[in-house]
Amino acid sequence: MIKQLFFTALLLFAFTELTAKQIKVCKSCGYTSIKEAIAAAENGDEIIVEAGIYQEYDLRIEKPIKLIGIDHPTIDAMEKGYIFEVLSDSVTISGFKLINVGKSYTSDYAAIHTYRIDNFVIENNIFINPFFAILIEKSHNGIISKNIIKGNAVHEHNSGNGIHLWHASKIEVNDNIIEQMRDGIYFEFAKHSSISGNKSRRNIRYGLHFMFSNDDRYENNMFENNGAGVAVMFSKRIYMRKNIFRLNWGTASYGLLLKEIYDADIIDNIFEQNTIGVNAEGSNRVVFENNNFKSNGWAIKFLGACYGNKLMRNNFMHNAFDISYNGRINGNIFDKNYWSEYTGYDLNKDNIGDIPYRPVKLFSYVVNRTPETIILLRSLFVDIINFSEKVSPVFTPDNLKDFNPLMKPVNDRN
Amino acid sequence: MIKILKYSFYDLMRSRWSYIYFLFYLALGFILLFLNQDVSKAVITLLNIIIVLTPLIGTLFGVMYFYNSKEFTELLLAQPIKRSNIFVGQYLGISLSLSLSLVVGLGIPFLAYGLFQSAEIFNFFSLLLIGAMLSFIFVALAFNLALYFDDKIKGFGLAIITWLFFAVIYDGLFLITMLMFDDYPLDKFALGATIFNPIDLSRILIILKLDISALLGYTGAVFQDFFGTSFGLFFSLVLLSLWIILPLLLIVVKSKRKDF
């Protein structure tokens, strides 16, 4: 019985191997347009597109095929609509250069759009000035990797996102480079997915944006110079590790914005030179461990309703303000962090300071109330009031202390 | 005037206090760089020290020098020299020697640690320029006080209070006013109030130069819009110069009328 089954399987396999043929598209081949090739292809076929410029749009893919570009053939949509609309399972699109996707205020035109499919691969493509580059709707089990997306977004209202997932699950987004879109990567209702090794820069809104997306992880990404940094909102169980958040400067710009986040892990990340490193609002049971906060305006700003967060073994170095609170109640735990402004001593040489450190300064409380007072930063008077508040706290939470401040930075990675 | 300037200058160059002041900055520079190894961070630390210390030393030195050389000044007054020349010459002599101690004292360690390879060179020089200007401003204020009060104790006391006022009390009042009126838009007020205190003005100028302005959020951006432009920079340098010129004019006027 088993033998028979095996044999049939082998036969079937051989059969598909036999039928899977390659269809070439080029100026002098049998097929000169990709549309014709797709129409002629059968399930499992490979369409090989050779270098050249193809002026085509709205290419509907309704059968499981592979489209492979050799030397990045250019597909020019002439601003008329979608380029690839993928409506079938098991499709691979790789090695294309996709340009001039149409802009629209009513449709979400995308260079590659998938809808209700399973098991797809989008890799090694280049997107120049797309409206949306990759739009994944209600699709599952996909790989989006090594794509380069370069947009020219200027305004939020008439620009699209780099990689947009909507109601998706189990998608891997790896090693992409995304620049100057609205949101670099946008996860909306995307579950059990991972984002790793991407670089998201100069996007006008967020480098990475999470909404209602649970159980995702992102690692080893770099977010730089984005309009408002990275936003993780209304999501549960997000795992963030080894990411770099840099140079997110601006009036409302954050390295990482947490809003209504539960049970997240933020580990081994670097926050460097952001106006606000982490802005947390309504975030509970988040673990911050082993992060480096370096030269930010505010390292972490806790707004309302943040309870049960744990901050352990982080480095806070040379931030204008380490921690900012706007209330008098502290429901978070600070333990064994390194604070560059800690001035205590360590008599028994166990690398743990003998006096607790108070990371919230009176001045940060004052600045929260009246932002214009920031002009007095580094003034002698401010140092004096900070000192007196440190000695006897009146305005800042009394129990907000790191009882075991470290004397040396946690594994100095600079 | 040049002769008197030269005399005061050489007199101070020979004095112990100038050396101590010079050696202090020299040691400070080396220690900071030794501990930090990073020129840009050393510049930030220096900022904190310079905006507090140069005014203090300027005021104390100014008053002290004036009282100590009073007999010599009176001798000079008996000679056929214009009064303004005597006092302005002395003033320039002391301000120059203080600025020189600052510039050379900090310059040597930073040069030795490779300032020219660092991107901070422009910031460092603006820091030195502002330090020198603060010396000029506070020596002028001190001379005024010393001219008004023959009583040494009174003169010294008021000089210290002047420094304390600009370095600490002013900011306190400033902060309280801002907190009391925080329902109103305060950007312009904050800008205005900064301008009237040379120490605040210097502090803001350097902070914005050190490019942490963008880290200060919305209000930081407002200040950046003003001070970050070449107009703002020019405007604040003119204001700092006014802080030198006006007290200097007062010295001239007062010295002409004063009965020695």
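Residues numbered from 1 in each chain as written. Chains lettered and ligands numbered in written order. Predicted model: local features only at pLDDT ≥ 70, side-chain atom pairs only at ≥ 80, totals over all residues. Heavy atoms only, no water.

Q: In this structure, what is going on with the overall build of chain B? I would like to understand it.
A: Across its full length, chain B holds eleven helices and zero strands. Reading the helices (α) and strands (β) of chain B from amino to carboxyl end gives α-α-α-α-α-α-α-α-α-α-α. Along the longest, intermediate and shortest principal axes, the C-alpha atoms of chain B span 60 × 50 × 30 Å. Out of the 260 residues belonging to chain B, those deemed buried represent 53%. Intrachain contacts of chain B at a sequence separation of at least 6 include 81% that bridge at least 24 residues. With the model as given, the accessible surface of chain B reaches about 12100 Å², and the carbon-plus-sulfur share is 71%. Averaging the positions of the 17 positive and the 15 negative side-chain charges in chain B gives two centres separated by 14 Å. (Helix = DSSP H or I, 4+ residues; strand = E, 2+ residues; numbered from the N terminus. Buried < 20%, exposed > 50% of the residue type's maximum accessible area, 1.4 Å probe, protein only. Contact = heavy atoms within 4.5 Å. Areas by Shrake-Rupley, 256 points an atom, 1.4 Å probe, with all protein chains shown as cover. Lys, Arg positive; Asp, Glu negative; His and termini not counted. Charge placed at Lys NZ, Arg CZ, Asp CG, Glu CD.)

Q: Just to check I follow, could you spell out the pattern of salt bridges for this structure?
A: Pairing is possible between side chains that carry opposite charge, provided their charged atoms lie close to one another. Residues and elements named next belong to chain A. Following the criterion strictly, the structure yields 21 salt bridges over all chains and no others. As a salt-bridge pair, Arg 246 and Glu 224 come within 2.6 Å of each other at their nearest N and O atoms. Here Arg 246, found in strand β26 (residues 244-246), pairs with Glu 224, found in strand β23 (residues 222-224); they are 22 residues apart in sequence, far enough to count as distant. Overlapping salt bridges, with partners in common, bring together Lys 21, Glu 42 and Asp 45 in one network. (Salt bridge = Lys/Arg side-chain N within 4 Å of Asp/Glu carboxyl O.)

Q: Where do I start with the domain arrangement of chain A in this structure?
A: Interface size is often expressed as the accessible area that is lost when the parts come together. Domain assignment breaks chain A into domain 1 (20-206) and domain 2 (228-360 + 397-414). One C-alpha centre belongs to domain 1 of chain A, the other to domain 2 of chain A; they are set 38 Å apart. (Domains from an automatic or database assignment.)

Q: Please explain the interface of chain B and chain A as it appears in this structure.
A: Facing 34 residues of chain B, the contacting portion of chain A comprises 27 residues. Carbon and sulfur atoms make up 74% of the surface buried where chain B meets chain A, a total of about 2600 Å² over both sides. Between the two partners, chain B and chain A, sit one salt bridge. A salt bridge links Arg369(A) to Asp182(B); the shortest N-O distance between them is 3.6 Å. Across the contact surface, chain B and chain A share four residue pairs in polar contact (both at pLDDT 80 or more). Contributing elements (two or more residues each) for the side of chain B that touches chain A: α3 (39-68), α7 (152-180), α8 (187-195), α9 (198-209) and α10 (217-227) of chain B. (Buried area = accessible area lost by both parts, 1.4 Å probe. Polar contact = N/O pair within 3.5 Å; in protein donor to acceptor, adjacent residues only side chain to side chain.)

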